[in-house]
Amino acid sequence: MNNMQAQVRDFRLKAGLSVSDTPRVIDPVDAQRHIQMIRDEFEKELVPALHSGDLAGTYDGAIDLIYFLVGLLDDSGLNLQAGFDLAARSNLSKFGPNGERYYYRDGDGSGEPDGKVKKGPDYFEPDWVMLINQLIGAHARREGTIVSVHNPNGLKFPSDPAV
């Protein structure tokens, strides 16, 4: 867990909000609360600040939005740094073998915004399920359980006295 996620976890624990040390699907009520907080921060704080050219408001809204998103990851038991590293590797694979850049352009029929980076010939999709299974496996090794994305509650090792 990186420092940012640790700080958000500290806040969540002090606020009595849930956190998880292992990846899990959060319940629908908590999911809706996360959605509403993220939407409110984006629509009521960040967008107006961007539209008005308010640099301090943009900074505040963007950081608060990051805070809410990191809170969602922590509640879901997902490691921010591991996910960010995977996304960064995938995003960097969008460029060609010699650093060529590919962009969407207005009128190209893609529906993507002008200037958005396209996926180049060496692009690879991040394997989120593999990463989640690695995160679950790391937690399971610490706890002595066998788990996967398809069995998030885990099975105790037969050598475990509790079995």
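Everything discussed here concerns the structure shown above.
Residues numbered from 1 in each chain as written. Predicted model: local features only at pLDDT ≥ 70, side-chain atom pairs only at ≥ 80, totals over all residues. Heavy atoms only, no water.

What follows deals with helix α2 (residues 28-52). Compared with an ideal rise of 1.5 Å per residue, which puts 25 residues at 36 Å, α2 spans 35 Å between its outermost C-alpha atoms and is within 8% of the ideal. Maximum bend of α2: about 30 degrees, positioned at F42. The set of residues buried in α2 consists of D30, H34, I38, E41, L46 and A49. Check the buried side of α2 and you find it contacts α1 (3-14) and α3 (55-75). Measuring from the backbone nitrogen of V29 back to the side-chain oxygen at the start of α2 gives 3.0 Å, which picks out D27 as the cap. Where α2 terminates, the next one or two residues include G53, which has phi positive at roughly 75 degrees. (Helix = DSSP H or I, 4+ residues; strand = E, 2+ residues; numbered from the N terminus. Expected span 1.5 Å × (residues − 1). Bend = angle between axes of the 7 residues up to and from the residue. Buried < 20%, exposed > 50% of the residue type's maximum accessible area, 1.4 Å probe, protein only. Contact = heavy atoms within 4.5 Å. Polar contact = N/O pair within 3.5 Å; in protein donor to acceptor, adjacent residues only side chain to side chain.)

On to the environment of Q5. If you trace the backbone, Q5 turns up in helix α1. In this structure, Q5 is in contact with V70, L73, D74, L78, N79, L80 and Q81, ignoring residues within four places of it in sequence. Among the polar contacts made by the side chain of Q5, one reaches the side chain of D74 at a distance of 3.3 Å.

Moving on, we come to the packing of α2 against α3. At a minimum axis separation of 8 Å, α2 and α3 run at an interaxial angle of 165 degrees. It follows from the interaxial angle that α2 and α3 lie roughly antiparallel. Once α2 is placed against α3, the crossing between them reads as left-handed. Counting all contacts with α2, which are made through D30, H34, M37, I38, E41, F42, E45, L46, A49 and L50, the residues of α3 involved are G57, T58, G61, A62, D64, L65, F68, L69, G71, L72 and D75. (Axes fitted to C-alpha atoms, helices over the stretch in contact; angles between N-to-C directions. Parallel < 35°, antiparallel > 145°, perpendicular 65-115°, else oblique. Left-handed = near helix turned anticlockwise from the far one by under 90°.)

Between α1 and α3, the shortest axis-to-axis distance is 9 Å and the interhelical angle comes to 80 degrees. For the element pair α1 / α3, the angle class is roughly perpendicular. Residues M4, Q5, Q7, V8, R9, F11 and R12 of α1 form the contact with α3, whose participating residues are I66, Y67, V70, G71, L73, D74 and D75. By residue class, the composition of the contact of α1 with α3 is 7 nonpolar, 3 polar and 4 charged. (Nonpolar A, V, L, I, M, F, W, Y, C, P; charged D, E, K, R; others polar.)

Another point: the packing of aromatic side chains. For the coordinates displayed, the defined rule picks out 1 aromatic pair. Judged by centre distance (5.8 Å) and plane angle (85 degrees), the ring pair of F11 and Y67 falls under edge-to-face. One end of the pair, F11, is in helix α1; the other, Y67, is in helix α3, with 56 residues separating them in the sequence. The class for F11 is partly exposed, based on a relative accessible area of 46%. The class for Y67 is partly exposed, based on a relative accessible area of 34%. (Phe/Tyr/Trp six-rings, centres within 6.5 Å; stacked < 30°, edge-to-face > 60°.)

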